Amino acid sequence: MSSPAILDASCIFCKIIKGEIPSFKVYETKYSYSFLDIEPTAEGHILIIPKYHGAKLHNIPDEYLADILPVTKKLVKALGLEIESPEGTGYNVLQNNGRIAHQFVDHVHFHLIPKRNAEEGLYEGWPAKKADMGELKKIADDLVKKLDE
Ligand code: AMP
Ligand code: ZN
């Protein structure tokens, strides 16, 4: 069986990695490529992508994924987001998988989204509700069993 291609000739983010499409690159390692999002939700909205084509997180080998959070940490510091401000400085790391989960580019990407004030960046929008403890226990037990197998 042939091994999967690492990059996909028709993928827009693979083309960015190969330099076939321009991007505002900010950082690169053997495993990842980081560049400015072209439709930023905040100044310094960055996309961090593995140099391996795969649509969803579970398609990406561990060594590529292992590179991404340390790179994200470096980018946080380069953006100055580790420094508290009077308004409060924060950031979100967002990674969408599947159209239903708001993914529009089918090459895994992690958004690093600065949040320096209420107007910029990510807004909260999820249907949190109080859980039933018995139901939570059942879900956890099922998962623990599956993960032990
Ligand atoms: P998602 O909804 O998680 O799939 O986000 C895809 C992101 O990719 C969006 O925020 C787009 O603005 C961004 N994007 C799409 N094409 C480009 C491009 N050529 N250069 C930079 N960012 C892009
Ligand atoms: Zn790709």
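Predicted model only: the values in this text are computed from it and were never measured.

Caption draft 1: Expanded view of the packing of aromatic side chains. Per the stated rule, a full pass over the model turns up four aromatic pairs. Seen from their ring centres, Tyr 31 and Tyr 64 are 5.1 Å apart, and the 85° between their planes marks the pair as edge-to-face. Remark: Tyr 64 occurs in helix H2 (residues 62-78) and Tyr 31 occurs in the loop between strand S1 (25-28) and strand S2 (32-36); sequence separation between them is 33 residues. The exposure class assigned to Tyr 31 is partly exposed, which follows from its relative accessible area of 24%. Aromatic side chains Tyr 33 and Phe 35 sit 5.7 Å apart centroid to centroid with 55° between the ring planes, which places their arrangement in the tilted category. Phe 35 matches Tyr 33 in its accessibility class, with the two residues each being buried.

Caption draft 2: Region of interest: the site of ligand 1. The environment of ligand 1 is formed by 16 residues, the closest being Asp 37, His 102, Phe 104, His 109 and His 111. Between ligand 1 and the protein, one listed contact pairs an oxygen atom with a side-chain N or O atom of Asp 37 at 2.5 Å. In the environment of ligand 1, a nitrogen atom lies 3.1 Å from a nitrogen or oxygen atom belonging to the backbone of Ile 38. Starting from 510 Å² of accessible surface for ligand 1 in isolation, the protein chains cover 83%. At the level of secondary structure, the elements contributing two or more residues to the shell around ligand 1 comprise helix H1 (12-18) and S2.

Criteria and cut-off values
- Throughout this document, residue positions are counted from 1 along each chain, in the order its sequence is written.
- Ligands are numbered from 1 and chains lettered from A, in the order in which they are written.
- It should be noted that, the model being predicted, local features are given only for residues of pLDDT at least 70 and side-chain atom pairs only at 80 or more, the latter also being counted only at that level, while totals for whole chains, interfaces and linings use all residues.
- Calculation of side-chain values draws on the structure's entire complement of heavy atoms; hydrogens and water are dropped beforehand.
- The rule is short: rings of Phe, Tyr and Trp, with Trp giving its six-membered ring, pair when the centres are within 6.5 Å, and they are stacked under 30 degrees, edge-to-face over 60, tilted in between.
- Secondary structure counts use DSSP, requiring at least four H or I residues in a row for a helix and at least two E residues in a row for a strand, with both numbered from the N terminus.
- The cut-offs for exposure are 20% and 50% of the maximum accessible area for each residue type, with area from a 1.4 Å probe on protein chains only; residues under the lower value are buried, those over the upper are exposed, and the others partly exposed.
- Being near a molecule or strand, for a residue, means having at least one of its heavy atoms within 4 Å of it.
- Think of a polar contact as two N or O atoms within 3.5 Å of one another; within protein, one of them needs to be a possible hydrogen donor and the other a possible acceptor, and neighboring residues in sequence only count if both atoms come from side chains.
- All accessibility values rest on the Shrake-Rupley procedure with a 1.4 Å probe; residue burial counts only the protein chains present in the view.

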